[in-house]
Amino acid sequence: MTPAARVILAPDKFKGSLAAPEVAAALAAGLRRSVPDAEIRQVPVADGGDGTVEAFVAAGWTRVEVTAPGPTGVPRRTSYARHGVTAVVELAAVVGLAILPDGRPDPLGASTYGLGVVLAHAMEHGATEIVLGLGGSASTDGGAGMAQALGARILDADGRELPRGGAALAQAARLDRSGLHPGVAGTKVTLACDVDNPLLGPTGAAAVYGPQKGAGPAEVDLLDNALAEWARLAGPEFARLPGAGAAGGTGFGALALLGAQVRSGIEVVLELLDFPALLATATLVVTGEGSLDQQSLHGKAPVGVCAAAHEADVPVIVVAGRTLLGSAEIRAAGFAGSYALADLEPDPERSMTEAAALLERVGARIAAEWLG
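These remarks concern the structure in this document. (Residues numbered from 1 in each chain as written. Predicted model: local features only at pLDDT ≥ 70, side-chain atom pairs only at ≥ 80, totals over all residues. Heavy atoms only, no water.)

Once that is clear, we can look at the packing of helix α7 (residues 217-234) against helix α9 (residues 246-258). At a minimum axis separation of 10 Å, α7 and α9 run at an interaxial angle of 15°. Here α9 runs roughly parallel to α7, going by the angle between their axes. The crossing of α7 and α9 is left-handed. On α9, the residues that touch Trp230, Ala231 and Ala234 of α7 are Phe252, Ala256 and Leu257. For the contact of α7 with α9, the class distribution of residues is six nonpolar, no polar and no charged. (Axes fitted to C-alpha atoms, helices over the stretch in contact; angles between N-to-C directions. Helix = DSSP H or I, 4+ residues; strand = E, 2+ residues; numbered from the N terminus. Parallel < 35°, antiparallel > 145°, perpendicular 65-115°, else oblique. Left-handed = near helix turned anticlockwise from the far one by under 90°. Contact = heavy atoms within 4.5 Å. Nonpolar A, V, L, I, M, F, W, Y, C, P; charged D, E, K, R; others polar.)

Turning our eyes to something else, we now look at the environment of Ala333. With respect to the element layout, Ala333 can be found in the loop between α13 (327-332) and β13 (337-340). On the basis of relative accessibility, which here comes to 25%, the residue Ala333 falls in the partly exposed class. Spatially, the C-alpha atom of Ala333 lies 37 Å from that of Gly116, the residues being 217 residues apart in sequence. Ignoring anything within four residues of it in the chain, the contact list for Ala333 reads Leu297 and Cys306. (Buried < 20%, exposed > 50% of the residue type's maximum accessible area, 1.4 Å probe, protein only.)

Now for the sheet that holds β13. Spatial ordering of the open sheet is given by β2-β1-β11-β12-β13, a layout of five strands whose pairing is parallel. Two strands close off the open sheet at either side, each with one partner strand: β2 (39-42) and β13. Recorded for the sheet is a direction-independent mean angle of 20° between the axes of neighbouring strands. By the bridge criterion, four bridges tie strand β12 (residues 316-323) to β13 in an arrangement that is parallel. Note that in β13 the partner of Ala320 across the bridge is Ala340. Contacting β11 (284-292), β12 and β13, helix α16 (residues 355-370) crosses the sheet at an angle of about 155° to β13. (Pairing = 2+ DSSP bridges.)

Before going further, it helps to examine the pattern of salt bridges. One pass over the full model with this rule turns up 17 salt bridges. A salt bridge links Arg6 to Glu39; the nearest nitrogen and oxygen atoms lie 3.6 Å apart. Here Arg6, found in strand β1 (residues 6-11), pairs with Glu39, found in strand β2; they are 33 residues apart in sequence, far enough to count as distant. Classification of Glu39 as partly exposed rests on a relative accessible area of 39%. (Salt bridge = Lys/Arg side-chain N within 4 Å of Asp/Glu carboxyl O.)

Laid out in structure tokens, this is it:
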């Protein structure tokens, strides 16, 4: 290896095991053990889901802490990332499934109200560009709670404000936007989103994602009908757009009330991290995630990193906890090589609990085989 060799470590999280910065740190330790003078840049990434804020904080952005209601209304501390006039807000960190009290789902009553609280905080503290990472939502309220927190009033036929939650939207009769937060008009909102579901119907928010949030068949039907009432008031033309069904329909609420635009999550993240500039002098890129499978090929972080590196003609290695793709599929996706922790430790539980040590070993192998 020449002293000029430079490696960029740009992994996503290994879900249930290590956060993206921890994955990068473990790989870096292994690389340095084999090649002490390697120039290593750790750039943990995310695709807009859980771990997105942590990736930006690791890149030097400022963490802004705020108290906001969780998905069931229980106040909790959360945070977003800030750099200049740009804020990165992660829905999963505010009203996500992973933060349900005691893990108990509330498919009919869970709300995105807390997300609106965080967005308002960012606007009131100087953010004029907000990237909203969608994914991992605990609610199916079409972003109505977010809208309520930002000053919109959703009323029933008697003029009473609706309570929070997706089920309540079945009684929605009027939407009053007059009190919408003044910051909305001057804020550019980008949705980091990698699903293309519409809001309603058999491929919509309730039908596809409701069961993951605890909704049975009858509840799915109730929520889909309630979202149809909400869409009728907020903008039926937005309900059909790709991504409107993301995060329990939060995509729809952001499109209809915030004037948001939908973009690929990993593309937005890499752009904000100035990833193309980092690639200019790179020798090798290493990316990865917990499970490399068919879903990975549709907009997930490793494939996005690989596409960006190919633009700069830099080879990319992918590391995963487990790999469910064949070698031909991995090559076709553009990766020059792949490594799986399962090849070193076949027991899934041990592979997850010992992931850091296994990643160090993989890092050492990558150094020997690609930088030697």
